[in-house]
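Next come the chains, spelled out residue by residue.
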Amino acid sequence: MMLGCECFCWDCIPNYDDFSEPHPFSLPSPLPHWPQGNGFAGGRIWLGEIEVLQITKFERIWRCTQLAGKAQPFTFYRPLEIPDGFFSLGHYCQSNGQPLRGYVLVAREMTCESESPALKKPLDYTLVWSSDSHDECAYFWLPNPPTGYKAMGVVVTSTPKEPEVEQVRCVRTDLTESCETSNLLVTIKSKSSKDPLQIWNIQPCDRGMLCKGVSVGTFVCGAYFDSEEVVENIGCLKNLDSTLHAMPNLNQIHALIEHYGPTVYFHPDETYMPSSVQWFFKNGALLYSANGKKGSAIDYQGSNLPSGGTNDGAFWIDLPSDNDAKNYLKKGDIESSELYVHVKPALGGSFTDIAMWVFCPFNGPATLKVALMNIEMSKIGEHVSDWEHFTLRINNFTGELWSVFFSQHSGGEWLDASDLEFIKDNKPIVYSSKHGHASYPHPGTYLQGSSKLGIGVRNDAARSEFVVDSSTRYQIVAAEYLGNGAVNEPCWLQYMREWGPSIVYDGRSEIEKLIDMLPMFVRFSVENLIDLFPTELYGEEGPTGPKEKENWLGDEYC
């Protein structure tokens, strides 16, 4: 058992009223001096023909209070303190209900390998929308680019006069990537228009460690958009620097993990603890094949596991048949556990993703919540081997922790650094849920199902004396961008088959029993109740290892 430590919630978010301006957010502690090398945390990133830097200081243009629903006031900004030779690409906006936490990129031309310059002024602007406020007015303008160029963002003014073409630059099309809407930020009502104005943030359409799209930090606006809809008249930047010089080197990666590595809290009533993969193999895990009935022992390094290929069902890992050995292995060994780290480029190498994988030999049974009742299942939800993860996203311009992704079963959520709970300095806390080991940013009970009806699978997260400090207990298992040989990938990472047998539960009969226990006013039909629970409740495919997951190459998807 590992002893816990005192922790605190770093509250960097002030209480805003309707008229206050958001204050800039900063991490709890100053950043260290990172080890030298390459262009990481150098303030500027070379993308090939252009160089960009982040602007985080802004001047307010318009604060909007004409919002649909109960949304917080929303403010639009222009970037300030742009260095000589650099040009704005668009404006920034955010809610007043959060710290001033964002950026826009500004750009300058570095080399001209084409007859056409990388950056050009717009020809003029098109008025997209204007407010009808008696106090302050706002006008939203879309730059009209020259042929062969793309606008990067919207310009906002407080007067009806069309902006000067000097205000922003458009980017040559071959230096851009297509982008899509991401999150709906706010909907603005207007008395003079039947259609409200929607403000969306935008992101590259293609995201992942092999993709080149770089977010500019601007927004798109219009009356009719859907989430993940391709934006035709605004683009993102493209990183054409194949060296990815702004990514951290190996020494810098270690420094980042030691500085930001979260403390992982397991639930005080957790039965199924994490372990190292080597402990799992040493203590009796067996490899089975479709062609044989008897399992074979696995070398502690995993060197005798089938390597490469795809998950074709030909092999799987299981627990020993002896009950004592099986129960011992199920409980795990927190003393041996460590975080397995995959480091990869994000958003075209402008950010670094540090994915930290947790291995547990066993996933325990689920606890169902139905109205006011909590029912502990005896088998449903169980499966051999459980791979869970969380991801730190690092800003390559500054080396600052930007956000954290918390993986939760088949989904997850991104949280900005301003919404995290910190235990010491700049180290956040990750809470691992009881039995299921999903990752959460704060203690509490999270429902997987219908939170409105109070029906689903409980995910309970709390502090305890069971902790793993990822800033000291980690192993870097992959960082492909560093080149062959920079990181020795363990043998078990190449095992692409299932880490546990497939299981089918008699979920329908269990649900029928639950219905008989419910009071009449919350009775459901079997079919309706089944639809409210996650599909994993009725059967589990054997889980695959980290390299077989979509987010190994791709982005984290909520």
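Residues numbered from 1 in each chain as written. Predicted model: local features only at pLDDT ≥ 70, side-chain atom pairs only at ≥ 80, totals over all residues. Heavy atoms only, no water.

### With respect to the side chain of T181
For step 1, the next point in the chain: Its place among the elements puts T181 in strand β14 (residues 176–188).
For step 2, the next point in the chain: A relative accessible area of 0% places T181 in the buried class.
For step 3, the next point in the chain: Here D226 takes part through its backbone oxygen, which lies 2.5 Å from a polar atom of the side chain of T181.
For step 4, the next point in the chain: Apart from residues no more than four positions distant in its own chain, T181 is found in contact with W200, N201, I202, Q203, V220, F225, D226, S227, E228, E229 and V231. (Helix = DSSP H or I, 4+ residues; strand = E, 2+ residues; numbered from the N terminus. Buried < 20%, exposed > 50% of the residue type's maximum accessible area, 1.4 Å probe, protein only. Polar contact = N/O pair within 3.5 Å; in protein donor to acceptor, adjacent residues only side chain to side chain. Contact = heavy atoms within 4.5 Å.)

### Side note on the pattern of salt bridges
For step 1, the next point in the chain: By the definition in use, this model includes 19 salt bridges.
For step 2, the next point in the chain: Measuring nitrogen to oxygen at the nearest pair gives 3.2 Å for the salt bridge that ties E166 to R169.
For step 3, the next point in the chain: Using a relative accessible area of 8% as the deciding quantity, one classes R169 as buried.
For step 4, the next point in the chain: By sharing partners, the salt bridges in this structure join E180, R207, D353, R393 and D555 into a single network. (Salt bridge = Lys/Arg side-chain N within 4 Å of Asp/Glu carboxyl O.)

### Observations regarding the sheet that holds strand β4 (residues 74–79)
For step 1, the next point in the chain: Reading across from one edge, β3-β4-β6 is the order of the three strands in this open sheet, with antiparallel pairing throughout. Strand pairing shows two members of the sheet lacking a second neighbour, β3 (58–64) and β6 (92–95), which therefore form its edges. Here the strands of the sheet are splayed against their neighbours by 25° on average, with no regard to which way each runs. (Pairing = 2+ DSSP bridges. Axes fitted to C-alpha atoms, helices over the stretch in contact; angles between N-to-C directions.)

### Some details on helix α3 (residues 323–330)
For step 1, the next point in the chain: One side-chain oxygen at the N-terminal end of α3 lies 3.2 Å from the backbone nitrogen of D324; it belongs to D322.
For step 2, the next point in the chain: Once α3 finishes, G332 follows within two positions and takes phi at roughly 70°, a positive value.

### Focus: helix α1 (residues 250–260)
The α-helix winds at 3.6 residues per turn, so residues separated by three or four positions along the chain end up facing the same way.
For step 1, the next point in the chain: Of all the positions in α1, only Q252, I253, A255, L256, I257, H259 and Y260 are classed as buried.
For step 2, the next point in the chain: Close packing links the buried residues of α1 with β23 (339–346), β24 (351–363), β27 (383–395), β28 (401–408), β31 (427–432) and β36 (474–478).
For step 3, the next point in the chain: Its side-chain oxygen 3.2 Å from the backbone nitrogen of N251, N249 forms the N-cap of α1.

### So, the sheet that holds β23
For step 1, the next point in the chain: Taking strand neighbours across the sheet as the criterion, the six strands line up as β29-β28-β27-β24-β23-β36 in an open arrangement whose pairing is mixed. Strands at the two margins of the open sheet, each flanked by one partner only, are β29 (411–416) and β36. Ignoring which end each strand starts from, the neighbouring axes of this sheet average 25° apart.
For step 2, the next point in the chain: Packed on one face of the sheet, α1 meets β23, β24, β27, β28 and β36 and runs near 140° to β36.

### Description of empty space enclosed by the protein
Rolled over the atoms, a probe with the dimensions of a water molecule shows which regions are left empty.
For step 1, the next point in the chain: Scanning the model with the defined rule gives three cavities of 30 Å³ or more in all.
For step 2, the next point in the chain: Roughly 50 Å³ of volume is contained in the largest cavity.
For step 3, the next point in the chain: Every residue lining the largest cavity is listed: R207, G208, M209, K344, P345, A346, L347, D353, R393, G554 and D555.
For step 4, the next point in the chain: The element best represented in the lining of the largest cavity is β23, accounting for three residues. (1 Å grid on protein atoms, 1.4 Å probe; cavity = no way out; pocket = protein on both sides within 12 Å on 5 of 7 lines; lining within 4 Å. Points joined across faces, edges and corners; volume = space filled by probe spheres on them.)

### With respect to the pairing of β14
For step 1, the next point in the chain: Of the strand pairs in this sheet, β14 and strand β18 (residues 230–238) are connected by five bridges, and their pairing is antiparallel. Within β18, the position partnered with T176 by the bridge is L237.
For step 2, the next point in the chain: In this structure, β14 lies alongside strand β15 (residues 197–204), joined through seven bridges in antiparallel fashion. For C179, the partnering residue across the bridge sits in β15 and is P204.

### A short note on the packing of aromatic side chains
Aromatic rings considered in pairs are described by the distance between their centres and by the relative angle of their planes.
For step 1, the next point in the chain: Using the criterion set out here, one finds 33 aromatic pairs in the structure.
For step 2, the next point in the chain: Plain terms: the ring middles of Y103 and F351 are 6.3 Å apart, the flat faces sit at 40° to each other, and that makes the pair tilted. Residue Y103 is found in the loop between β6 and β7 (104–109), and its partner F351 is found in strand β24; the two are separated by 248 residues along the sequence. One exposure class covers both Y103 and F351, and it is buried.
For step 3, the next point in the chain: Relative to W387, the ring of W357 lies with its centre 6.4 Å away and its plane at 75°, an arrangement referred to as edge-to-face. One end of the pair, W357, is in strand β24; the other, W387, is in strand β27, and 30 residues separate them in sequence.
For step 4, the next point in the chain: Residue classification places W387 among the buried positions, given a relative accessible area of 5%.
For step 5, the next point in the chain: Through a chain of ring-to-ring contacts, three or more aromatic side chains come together here, namely F280, F281, Y340, W357, F359, W387, W492, Y495 and W499.
For step 6, the next point in the chain: The ring of F362 has K330 lying over it, and the distance from NZ or CZ to the ring centre is 4.5 Å. (Phe/Tyr/Trp six-rings, centres within 6.5 Å; stacked < 30°, edge-to-face > 60°. Lys NZ or Arg CZ within 6 Å of the ring centre and 35° of its normal.)

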